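What follows is each chain in one-letter form.
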Amino acid sequence: MRSVEQIREISDQDEPIIDGMSPVPKYYQLEDFLRQEIRSNDLRPGDRVMTEMELARRYTLSRPTVRQAIARLVNDGILYRRRGLGTFVAAPRLNYSIGIGLYDINYLSKPFFSQLAVGIGKVANIQGYHFHILSTNLAEDNPQLYTHAVEKKKIDGLIVFDQRLDAEAILRIWRAGLPLVLVRRRPPDEAIPSVQVDEAGGTFAAVERLIGLGHRRIMLVAGTLRFPNDRLKLEGYRQALAKHGLEYDPELVVERWEDKGAVERRLRGENRPTAAAVNDDMITLDVIKTARELGLRIPEDLAVVSFGDYMLHSFGEPALTTMRVPVEEIGEAAADMLFGQIHGDGL
């Protein structure tokens, strides 16, 4: 166990400041600073924390404010008190359980999510952990849904693949000290670990391949442009067109959540597309089905490139070009990052 003086020497190297003008309560700011010190290993299990008087002096706070922050950390099991000796950093209490945050539990029936879960499960099994699926679709207006699992110590870490979960809820989870990794989502704080896919670059490569085959009218069938990763696909699409001097036509962009006739209307048009870059395998199958119902041949009348390769590698006819996304490996990487945090190995 290190002395308070050693810990103070480390902490004083980058002295945090309580912002008296902030709408965030001072006790909450202090609590957040202490959690960060524990997360960064400046304070380790068994270390004695400064006394209330020392903390009050260091941060220019009242003792009741300090006492409230300490009480919250004790209540959360982050700190513990020993009568007559002081307050100490507690060792993590592990449940040997992690959470996977999805918008809808039914997404697990889709190839991307099932392969992601396989990758996470491989690493979790090696570590002796099991995982729970946490869903927000029944409580979109309740950002406390995930944080409840955190506060009740039901899980030791969380991997989030949920474009709808609000940034403030993610920040609350992170500040609460729960090990956290985001998948295919840009973190609201650069310190939050994440595993990203080059959405723009992959779409750029897919469209450029179609242009190289001589196509000039290329349809983009995206997910939903409300979400950042799908907007990045649109960005890659437009960059590829611009590089080759092709004009961007918004009529050739189809969102997945348009009505079911959206692709059909484009393919029936007088100046129809001769190729399509499609968001993922499941949507690709819908596009192919629609094209065939209109009497179009694949790939003679409509060339199709799919962004995913979650299942079409085994789809025998017609032969399709896919831009592979290594989903299982993404799941493994996310789980490795999460367990690195849980066990204090860093990222």
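Residues numbered from 1 in each chain as written. Predicted model: local features only at pLDDT ≥ 70, side-chain atom pairs only at ≥ 80, totals over all residues. Heavy atoms only, no water.

All right, on to the overall build of the chain then. Helix and strand counts for the chain stand at twelve helices and twelve strands. Within the chain, the fraction of its 347 residues that count as buried is 48%. Total accessible area on the chain stands at roughly 17600 Å², and carbon and sulfur atoms take up 50% of it. (Helix = DSSP H or I, 4+ residues; strand = E, 2+ residues; numbered from the N terminus. Buried < 20%, exposed > 50% of the residue type's maximum accessible area, 1.4 Å probe, protein only. Areas by Shrake-Rupley, 256 points an atom, 1.4 Å probe, with all protein chains shown as cover.)

A few words on the packing of helix α2 (residues 26-39) against helix α3 (residues 52-59). Their axes nearest at 12 Å, the elements α2 and α3 cross at an angle of 105°. Judged on the interaxial angle alone, α3 and α2 are roughly perpendicular. In contact with Leu-30, Phe-33, Leu-34 and Glu-37 of α2, α3 contributes Leu-55, Arg-58 and Tyr-59. Residues belonging to the contact of α2 with α3 are distributed by class as follows: five nonpolar, no polar and two charged. (Axes fitted to C-alpha atoms, helices over the stretch in contact; angles between N-to-C directions. Parallel < 35°, antiparallel > 145°, perpendicular 65-115°, else oblique. Contact = heavy atoms within 4.5 Å. Nonpolar A, V, L, I, M, F, W, Y, C, P; charged D, E, K, R; others polar.)

Within the structure shown, the criterion is met by 17 salt bridges. Here Glu-37 and Arg-58 are joined by a salt bridge, their closest N and O atoms 3.3 Å apart. Linking Glu-37 in helix α2 with Arg-58 in helix α3, this pair joins segments that are 21 residues apart in sequence. As far as the burial class goes, Glu-37 and Arg-58 line up, both buried. Between Lys-233 and Asp-230 there is a salt bridge, with the nearest N and O atoms lying 3.7 Å from each other. (Salt bridge = Lys/Arg side-chain N within 4 Å of Asp/Glu carboxyl O.)

Strand order in the open sheet formed by five strands is β4-β3-β5-β6-β7, and the pairing between neighbours is parallel. The strands lining the two open edges of the sheet, one partner per strand, are β4 (130-135) and β7 (194-195). Sheet analysis places strand β6 (residues 180-183) next to β7, joined by two bridges and oriented parallel. Bridge pairing in β7 links Leu-182 to Ser-194. Running over the sheet, helix α12 (residues 327-342) touches β3 (97-102), β5 (158-161), β6 and β7 and is turned about 165° from β6. (Pairing = 2+ DSSP bridges.)

Before going further, it helps to spend a moment on the side chain of Glu-31. Position of Glu-31 relative to the elements: it lies in helix α2. Judged by its relative accessible area of 4%, Glu-31 falls in the buried class. At a separation of 2.9 Å, a polar atom in the side chain of Glu-31 contacts the side chain of Arg-35. Apart from residues no more than four positions distant in its own chain, Glu-31 is found in contact with Ala-69, Arg-72, Leu-73 and Asp-76. (Polar contact = N/O pair within 3.5 Å; in protein donor to acceptor, adjacent residues only side chain to side chain.)

Right, let's get into the environment of Ala-276. Secondary-structure assignment places Ala-276 in strand β10 (residues 275-278). When the C-alpha atoms of Ala-276 and Leu-252 are compared, they prove to be 9.1 Å apart, with 24 residues separating the residues in sequence. Aside from chain neighbours lying at most four places away, what touches Ala-276 is Leu-210, Met-219, Leu-302, Ala-303, Val-304 and Val-305.

Let us look at the nonpolar core. Core analysis: the largest hydrophobic core is formed by 27 residues, its most contacted members being Ile-98, Leu-116, Ile-159 and Phe-339. Taken together, the elements giving at least two residues each to this core come down to β3, α5 (111-127), β5, β6 and α12. With seven residues, the top contributor of residues to this core is α12. Not counting residues within four places of it along the chain, the set of residues in contact with Ile-159 comprises Gly-99, Ile-100, Gly-101, Ile-120, Val-181, Val-183, Ala-334, Ala-335 and Leu-338. Among the nonpolar cores identified, the runner-up in size contains 19 residues, and Ala-206, Ile-218, Leu-241 and Leu-252 belong to it. (Core = buried A, V, L, I, M, F, W, Y, C linked by side-chain atoms within 4.5 Å.)

A separate point is the sheet that holds strand β9 (residues 253-254). One open sheet accounts for five strands, arranged β9-β8-β10-β11-β12; its pairing is parallel. Either end of the sheet is taken by a strand with one partner, and the two such strands are β9 and β12 (321-324). Alignment of strand β8 (residues 218-221) against β9, held across two bridges, turns out to be parallel. Bridging across to β9, Leu-220 finds its partner in Val-253. Each of β8, β10, β11 (303-308) and β12 is contacted by helix α8 (residues 199-212), which is oriented at about 165° to β11, the strand it contacts most.

Before going further, it helps to spend a moment on helix α9 (residues 228-243). Here α9 contains 16 residues, and its C-alpha end-to-end distance of 22 Å stays within 8% of the 22 Å for a straight helix at 1.5 Å per residue. Those residues of α9 not exposed but buried are Asn-229, Asp-230, Leu-232, Lys-233, Leu-234, Gly-236, Tyr-237, Ala-240 and Leu-241. Next to the buried residues of α9 lie α8, β8, β9 and β11. (Expected span 1.5 Å × (residues − 1).)

Our next topic: the packing of α2 against helix α4 (residues 63-75). Their axes nearest at 8 Å, the elements α2 and α4 cross at an angle of 50°. Considering their axes alone, α2 and α4 lie oblique with respect to each other. Crossing handedness for the pair α2 and α4: right-handed. Taken together, the residues of α4 that come into contact with α2 (itself represented by Lys-26, Tyr-27, Tyr-28, Leu-30, Glu-31, Leu-34 and Arg-35) are Thr-65, Val-66, Gln-68, Ala-69, Ile-70, Arg-72 and Leu-73. Across the contact of α2 with α4, the residue classes tally to eight nonpolar, two polar and four charged. (Left-handed = near helix turned anticlockwise from the far one by under 90°.)

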